[in-house]
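Architecture at a glance
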Amino acid sequence: MIHSSHRSAWRYVLFAVLASVVIGGQPGAAEQPIDFQQQIVPIFEQHCIRCHLPGIEKGDLSLATFDDLKANEYVVAGDPDGSYLLELVTPLDGDPPAMPQQAEPLSKDQVSLLRQWIAEGATWPEGFVVKEKPKTDATWWSLQPLQTTFRTVKTAGPNATADATAKEQQATWTIDDFIRETLSEHELTFNPPADRRTLIRRASYDLIGLPPTPAEVEAFANDESPEAYADLIDRLLASPHYGERWGRHWLDVVRFGESNGFERNVIINNIWPFRDYVIQSINDDKPFDQLIREHIAGDVLGDGKPTQEIGSAFLVAGPYDNVGNQDPVQSAQIRADTIDEIIRTTSEAFLGMTVGCARCHDHKFDPITQEDYYSMYATFAGVWHGSAEWASPEERSARAAKLKPLQERRSALVSQQLELTERTRQRLSQSDGSRSRPAVDARRNEDTFPAVAAKFVRFSILLTNGGQPCIDELEVYGPNSKSNLALASAGSKATAFSLLPGYPIHQVHHLNDGKHGNSHSWISNDNIGWAQIELANTIELNRVVWGRDREGQHTDRVPIDYRVEISTDGESWREVADAGDRLPFSDANAEPLVTQRTPEENAEAKRIESELAEVTGEINAVPKLPTAWLGRHEPTPGPYHVFIGGSPQRKAQTVVPASLSALSNVAPTYRLKQDASESRRRRELAEWITAPGNPLPARVLANRIWQHHFATGIVSTPNDFGYMGGRPTHPDLLDFLAGKLIENGWRLKPMHRLIMTSMAYRQSSTWREAAAKIDGESRWLWRFPPRRLSAEELRDTMLQLADKLDTTMGGPGFRLYEYQQDNVATYVPLDKHGPETYRRAVYHQNARASVVDLMTEFDQPDCAFSVPRRANTTTPLQALTLLNHSFTVDMAEALAIRLESESGDDSKRKVTLGFQLAFQRQPQSDEISRSIELIQTYGLRAFCRALLNSNELLYLD
């Protein structure tokens, strides 16, 4: 942007040139007045808006609305010569114009149109917004209905007959027909079938992530039954290890992690039930559309069923910033970032759409609007990270039955304690006529005043009995209201002067959440300050009730000098009550009135306290209900707005929870009212995503399944089916698979059988030079694409070969790091991995931003974002770690012990068993001789170490 101090010089030179040169016509020269939307808007759309729109604003200018143009004098209505915009787009003395940069300059006719538009008054319809047109529209391939019929087979498949009709031939299409057709177009053919040892190794790793045993390999290799391969697949799918392997794939997609990330990155010890839920759901072959619905609204759809409720932990399984920020602007931005993370993961995981790109402006490439984004924002606005009780109704009832008599006894004792305190206060008040009200009580206090109309109530704290002030609930009542008007569920909003950071149980929203006790309270970060309630409407008030801890567990941080103020506009305040007429708080660090009791009152107080301590101990001894990282779901009455440029401080038009507009022509739609409940918002979204007619979820899921069998999906960008994503190599095949998925009830196991029985999957990986020159990456599948084992597969394989694999399923995970926590968390990799870590790698407690030797080196991802496809790098550190890490050395030692135990003193038998375990084949004669020589020279452990470091172990053909 050129500063105003330079504008006059620019204008002087420009106008000197213009004095003798006519540029594109003069104002008013046109026969017809300018049509803004037909003539000016296309200029902005084509040349300007991509760099000058909310959220980008290069040169501090947005051309989306007239506000910036007018405010910065880029356009002065009626004065073209005084409008800086024309200077920027007009060529000067043969030089190109300053704008647009890196693009074709405006034509003389376009500059002339802009000049005439400004001269005529620069008319801009109120509320009109110029938007960059996306690269695609609703006709984009992924947004079309699933194709259910296909072309006639060009190259007859094994099931086609010479005299079959076109319709009959369509019905015979198989996976191989689609692939064979594409191969034929490029003059390619399938490889020959893989041998049986290769095939069982491939299938075992693909389905359970572990190698087959020598006995399993021999049995399959020698089984001549035509059903042998189908039986192998069924056996692997029935294995509990299947859920562990494919659960890991899905946990990558939903960015499952067990720390909160960001600056503090503290561990989350109770989100593991979600991991177990995913594994069990996949083992049970739960319909995947049901799994999707449970991820978004499991707590709603499965209310009272913990095995379904845990599914909605998906919403809070990602990173979130819990440091806290006292600046309300920054706090609002952090909250917006948190919801954005949920929106991005949801849209990418289930729909393959990058809805998050529409946060600041309409999507630049796909037909996704800002309104679409903020409709999803409104849907998830009530989701907050945190733990919640996770138990069945029966478990809750059983615990409640145990607690009921104890709590009743405790309530009676608390009442006795309050009565005693009141008697003491009454006695003291009679001796001090200047203070008519009892002293402040840590549990509950009430301030009354003449009825007055107000919308805001502020509780200002001037002094406490020690420490920053704490309030568990701030209640507001009117003369005609029996219920608390301050509740968030009534539409009221709580704010505060400051917040003590780093304590999830002490948050501002606890001021009006209707819950009592220290675990649901607000603490200020300062020794003085205020807490405030903004009511939903202006209403008559006459009473405020507040307490520090109504459960009676804490008596510190009590406000003992305060004032209550009311306001109708949040700016002008009027005091209606204070602590001036209360008896003094007797001791700054003691319970109120303790030092002023009579001997009789003290004796009674001690009895009550003793009995209270006893019953409290019994209550605490009742086992608590389990908790899980389920998040909290709070009422979200709205209204919600589009944020200009993604800033919560720049609110535009209101939005409501609704389906994405890009799919309105092919899928059912919904649009809720502003007052729709938080639970209904998520349930409607879940039902819409999985509704019949929505083509994206089935396409996206079918592509993910294909990817994990062939290393790359039919669409190479599994989370992005839009313009910036990959194009499908076999679009008809993708729709065929998506249709089969729906036909099979959204169950994965039939899809595995369908894919793995195809010739494409069963072919060998043999390299053919001629074919590679045409398709080097085998995207058209002329051969089976080899792949490297994943980090988890590699570690689990080494444990299995060494006979050390602990197959215990579920429960809290193990750690391959030492966890250290102060204000922030530190994860120090373990130098030694003991037997307690010998479980399958899926059960490792994966913390974000932690480095885990071997796993990290072999591309285990940091789960800060959805990971649709693992990286596959080759680095020197991989070889060094695999060779020298204590884990590899330990596994080589254990493998050597196993070979000695199972093969005795026969070196040849040891070598043969080692090859069978590691590579699922017999060694060749020269391999035997060289291996025996290695053992004789360096020992059996060196041979085992070589096996674990071999490429044949690491790569899967």
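Residues numbered from 1 in each chain as written. Predicted model: local features only at pLDDT ≥ 70, side-chain atom pairs only at ≥ 80, totals over all residues. Heavy atoms only, no water.

This next bit is on the overall build of the chain. Looking only at helices and strands, one finds 31 helices and 18 strands in the chain. Sorting the 957 residues of the chain into buried and exposed places 53% on the buried side. Sequence-distant contacts, at least 24 apart, represent 73% of the contacts inside the chain between residues at least 6 apart. (Helix = DSSP H or I, 4+ residues; strand = E, 2+ residues; numbered from the N terminus. Buried < 20%, exposed > 50% of the residue type's maximum accessible area, 1.4 Å probe, protein only. Contact = heavy atoms within 4.5 Å.)

It is the contact of helix 26 (residues 876-884) with helix 27 (residues 886-903), at a shortest axis distance of 5 Å, that shows an interaxial angle of 45°. Of the possible angle classes, the one that applies to helix 26 and helix 27 is oblique. Of the residues in helix 27, those in contact with Thr881, Leu882, Leu883 and Asn884 of helix 26 are Ser886, Thr888 and Val889. Looking at side-chain class alone, the contact of helix 26 with helix 27 contains 3 nonpolar, 4 polar and no charged residues. (Axes fitted to C-alpha atoms, helices over the stretch in contact; angles between N-to-C directions. Parallel < 35°, antiparallel > 145°, perpendicular 65-115°, else oblique. Nonpolar A, V, L, I, M, F, W, Y, C, P; charged D, E, K, R; others polar.)

Counting 164 residues, the largest nonpolar core has Phe274, Phe380, Trp706 and Leu737 as its most contacted members. By size, the runner-up hydrophobic cluster in this structure holds 33 residues, among which are Phe459, Val476, Trp522 and Trp546. (Core = buried A, V, L, I, M, F, W, Y, C linked by side-chain atoms within 4.5 Å.)

A separate point is the packing of aromatic side chains. Working definition: an aromatic ring pair is given by the centre-to-centre distance plus the angle between the planes. Under the criterion given, the structure shown has 31 aromatic pairs. Aromatic pair phenylalanine 178 and phenylalanine 736: ring centres 5.1 Å apart, planes at 45°, arrangement tilted. Here phenylalanine 178, found in helix 7 (residues 175-185), pairs with phenylalanine 736, found in helix 21 (residues 731-743); they are 558 residues apart in sequence, far enough to count as distant. When sorted by exposure, phenylalanine 178 lands in the same class as phenylalanine 736, which is buried. Seen from their ring centres, tryptophan 546 and tyrosine 562 are 5.2 Å apart, and the 75° between their planes marks the pair as edge-to-face. (Phe/Tyr/Trp six-rings, centres within 6.5 Å; stacked < 30°, edge-to-face > 60°.)

Inspection of every chain in the model, using the stated rule, returns 44 salt bridges. When the shortest N-O distance is used, the salt bridge between arginine 444 and glutamate 446 registers 3.5 Å. Judged by relative accessible area, which is 31%, glutamate 446 ranks as partly exposed. Between glutamate 475 and arginine 550 there is a salt bridge, and its shortest N-O distance comes to 2.8 Å. On the criterion of sequence distance, the pair formed by glutamate 475 in strand 5 (residues 473-477) and arginine 550 in the loop between strand 8 (529-547) and strand 9 (559-567) is long-range, its members being 75 residues apart. With respect to class, glutamate 475 is no different from arginine 550; both count as buried. (Salt bridge = Lys/Arg side-chain N within 4 Å of Asp/Glu carboxyl O.)

Another point: unusual backbone geometry. Among all residues except glycine, the phi angle is most often negative; among peptide bonds, the trans geometry is most common. The residue glutamate 187 is not glycine, and still its phi comes out positive at about 55°. Here glutamate 187 lies in the loop between helix 7 and helix 8 (196-208). Overall, the relative accessible area of 73% leaves glutamate 187 in the exposed class. Backbone geometry places glutamine 920, a non-glycine residue, at a positive phi of 60°. Looking at glutamine 920, the relative accessible area reads 1%, which means it is buried.

Moving on, we get to helix 27. Spanning 18 residues, helix 27 covers 25 Å between terminal C-alpha atoms, matching the ideal 26 Å at 1.5 Å per step. Taken together, the buried positions of helix 27 are occupied by Ser886, Phe887, Thr888, Asp890, Met891, Ala892, Ala894, Leu895, Ala896, Arg898, Leu899 and Ser903. On its buried side, helix 27 packs onto helix 25 (791-801), helix 26, helix 28 (907-919) and helix 30 (940-948). One or two positions beyond helix 27, positive phi appears at glycine 904, with a value near 65°. (Expected span 1.5 Å × (residues − 1).)

Let us now look at the confidence of the model for the chain. Across the chain, the average pLDDT comes to 87, with 87% of residues at 70 or higher. Note on residues 153-158: pLDDT under 50 across the span, and 13 contacts to partners over four residues away in sequence or across chains. For residues 587-592, every residue scores under 50 in pLDDT, and the model assigns this stretch 13 contacts once sequence neighbours within four places are set aside. (pLDDT = per-residue confidence, 0-100.)

As a further point, take the environment of tryptophan 688. With respect to the helices and strands, tryptophan 688 occurs in helix 19 (residues 678-689). Separated by 18 residues in the primary sequence, tryptophan 688 and tyrosine 670 place their C-alpha atoms 7.7 Å from one another. Residue contacts for tryptophan 688: discarding those within four places in its chain leaves Leu351, Ser659, Leu660, Leu663, Ala667, Pro668, Thr669, Tyr670 and Asn694.

Further remarks concern the side chain of threonine 690. Of note, threonine 690 is situated in the loop between helix 19 and helix 20 (695-710). Side chain to side chain, threonine 690 and arginine 293 meet in a polar contact 3.0 Å long. In this structure, threonine 690 is in contact with Asp289, Ile292 and Arg293, ignoring residues within four places of it in sequence. (Polar contact = N/O pair within 3.5 Å; in protein donor to acceptor, adjacent residues only side chain to side chain.)

Moving on to the pairing of strand 8. Examined bridge by bridge, strand 3 (residues 445-464) and strand 8 share 13 bridges and lie antiparallel to one another. Paired with phenylalanine 456 across the two strands is glutamate 534, which belongs to strand 8. Taken together, the 5 bridges between strand 5 and strand 8 define a ladder with antiparallel strand orientation. Directly across from glutamate 473, in strand 8, lies its bridge partner glycine 547. Relative to strand 8, strand 6 (residues 493-496) runs antiparallel, the two sharing 4 bridges. Within the sheet, the bridge partner assigned to threonine 495 lies in strand 8 and is glutamine 532. (Pairing = 2+ DSSP bridges.)

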